[in-house]
Amino acid sequence: LEDRFDGTFAGLLALQAVQTFVRNTGIFTAIAYRLQRRLGMRATPFDDPLLLLQFTARLGAQYMLADVIAIVSVPFVTTIFVLFYGQYRIHATARAITVATLGRLWQQFGVLIPTKLITNRLGLMLFDAQIRSLLVGRSSFYGKSKVLVELRARRRQLRKGRAGGARASRRSDDGK
């Protein structure tokens, strides 16, 4: 009898969860962006942290969707091949998956699916926190958004203009 889960599977599962989280959240992209800014590379208008974070979030969502679809479809397709051919090999030197080992395959994918979903949820929570920090004027892992700083300054100017206009109209009404 084989063990339900060996140490190698648990180690690979943890490594894959970390890799998925780092890839889906764009942490390496953010590190590269910050390094480019420190080295003085020229920024384009589209290099604003808000836009980069939004782009990375969309890309991460695509990765998350692809991961979940792959994790759900692989055991089904493998099971169909095993039931049709009696066994299935990923490549010539790999161990054959037979009807007897299908239960173990489904158990492993049963652990892998929730792990992926939890990792994806943590990535979404990180994006949410990063976007919220940008919106309140703090820095994200891409830096501080110049677009949002400019929008806040314009909003303050508009508020001051409205307040000044309201005071002037009150004074003119009082003089009548």
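Details of the structure are given in the entry above.
Anyway, here's the lowdown on the structure attached to this text.

1. Remarks on the environment of Trp106
If you trace the backbone, Trp106 turns up in helix H4 (residues 102-135). Owing to a relative accessible area of 34%, Trp106 belongs among the partly exposed residues under this scheme. Discounting residues that sit within four places of it in the chain, Trp106 has contacts with Pro75, Phe76 and Thr79.

2. Topic: a positive patch on the surface
Taken together, the side chains of Arg155, Arg156, Arg159, Lys160 and Arg162 define a basic patch exposed on the protein surface. Structurally, Arg162 is set in helix H5 (residues 146-175).

3. Looking at helix H1 (residues 7-25)
Taking 1.5 Å per residue, 19 residues should reach 27 Å; H1 reaches 27 Å between its end C-alpha atoms and fits that length. Among the residues of H1, Phe9, Leu13, Ala17, Thr20, Val22, Asn24 and Thr25 are the ones counted as buried. Each element contacted by the buried residues of H1 is listed here: helix H2 (27-38), helix H3 (49-85) and H4. Two residues or fewer after H1 comes Gly26, characterised by a positive phi angle close to 70 degrees.

4. Notes on the packing of H1 against H4
Their axes nearest at 9 Å, the elements H1 and H4 cross at an angle of 30 degrees. The angle between H1 and H4 places the two elements in the roughly parallel class. The handedness of the crossing between H1 and H4 comes out as right-handed. Residue-level contacts link Phe9, Leu13, Gln16, Ala17, Thr20, Phe21, Asn24 and Thr25 of H1 to Gln108, Val111, Leu112, Thr115, Lys116, Thr119, Asn120, Leu122, Gly123, Leu126 and Phe127 of H4. Tallied by class, residues from the contact of H1 with H4 come to nine nonpolar, nine polar and one charged.

5. Considerations on H2
The terminal C-alpha atoms of H2, which comprises 12 residues, lie 17 Å apart, in line with the 16 Å expected from a rise of 1.5 Å per residue. Positioned one or two residues after H2, Gly40 has a phi angle of 85 degrees, which is positive.

6. Remarks on the packing of aromatic side chains
Applying the stated criterion across every chain yields a total of three aromatic pairs. Aromatic side chains Phe76 and Trp106 sit 5.1 Å apart centroid to centroid with 80 degrees between the ring planes, which places their arrangement in the edge-to-face category. Taken together, the residues Phe76 in helix H3 and Trp106 in helix H4 connect sequence positions 30 residues apart. What makes Phe76 partly exposed here is its relative accessible area of 48%. Both rings, one in Phe84 and one in Tyr85, keep their centres 4.8 Å apart while their planes meet at 85 degrees; by these two values the pair is edge-to-face. By relative accessible area, which is 58% here, Tyr85 ends up exposed.

7. Comments concerning the layout of surface pockets
By volume, the largest pocket amounts to about 700 Å³. If you trace the largest pocket, you find 19 residues lining it, with Ile90, Ile97, Arg104, Leu105 and Gln108 closest to the centre. Counting residues per element, the ones that place at least two in the lining of the largest pocket are H1, H3 and H4. Among the elements that make up the lining of the largest pocket, the one with the highest residue count is H4 (five residues).

8. Focus: a nonpolar patch on the surface
A surface patch of nonpolar side chains, amounting to about 560 Å² of accessible area, comprises Val77, Ile80, Phe81, Phe84 and Tyr85. Within the fold, Ile80 resides in helix H3. On the basis of relative accessible area, Ile80 is assigned to the exposed category, the value being 55%.

Cut-offs and rules
For every chain, the first residue of its written sequence is number 1, and the numbers climb from 1 along that sequence. Per-residue local features of the predicted model are confined to residues with pLDDT of at least 70, and side-chain atom pairs are confined, for both listing and counting, to 80 or more; whole-chain, interface and lining totals are unaffected and use all residues. Side-chain measures were taken over the full set of non-hydrogen atoms in the model, leaving aside hydrogen atoms and water. Where helices and strands are cited, they refer to DSSP runs of H or I of at least four residues and of E of at least two residues respectively, numbered from the N terminus. Burial classes: relative accessible area under 20% of the type maximum marks a residue as buried, over 50% as exposed, and values in between as partly exposed (1.4 Å probe, protein chains only). Any pair of residues with heavy atoms lying within 4.5 Å of one another is described as a contacting pair. Candidate patch residues must exceed 30% relative accessible area and have no salt bridge, after which like charges are joined if within 9 Å and Val, Leu, Ile, Met, Phe, Trp or Tyr side chains if within 5 Å. Computed by Shrake-Rupley with a 1.4 Å probe, the accessible areas treat only the displayed protein chains as cover when residues are assessed. Take a side-chain nitrogen of Lys or Arg and a carboxyl oxygen of Asp or Glu: if they are within 4 Å of each other, that pair is a salt bridge. A positive count includes Lys and Arg, and a negative count includes Asp and Glu. His and the chain ends are not counted in either. Taken as the charge centre is NZ of Lys, CZ of Arg, CG of Asp or CD of Glu, depending on the residue. Here the expected length of a helix is defined as 1.5 Å per residue gap, with one fewer gap than residues. The angle between two axes is taken between their N-to-C directions and runs from 0 to 180 degrees, where each axis is a line fitted to C-alpha atoms and a helix contributes only its stretch in contact. Should an angle fall under 35 degrees it is taken as roughly parallel, and over 145 as roughly antiparallel, whereas 65 to 115 is taken as roughly perpendicular and any remaining angle as oblique. Crossings are assigned a handedness: left-handed for a near helix turned anticlockwise from the far helix by less than a right angle, right-handed for a clockwise turn. The classification used treats Ala, Val, Leu, Ile, Met, Phe, Trp, Tyr, Cys and Pro as nonpolar, Asp, Glu, Lys and Arg as charged, and all other residues, Gly among them, as polar. Here is the rule: rings of Phe, Tyr and Trp (six-membered ring for Trp) pair when centre to centre is within 6.5 Å. Planes less than 30 degrees apart are stacked, more than 60 are edge-to-face, and the remainder are tilted. Lining residues are those with an atom within 4 Å of a point, where the points come from a 1 Å grid over the protein atoms alone and group into cavities, where a 1.4 Å probe fits but cannot get out, or pockets, open sets with protein on both sides within 12 Å along at least five of seven lines. Grid points are joined across faces, edges and corners, and a volume is the space filled by probe spheres set on the points.

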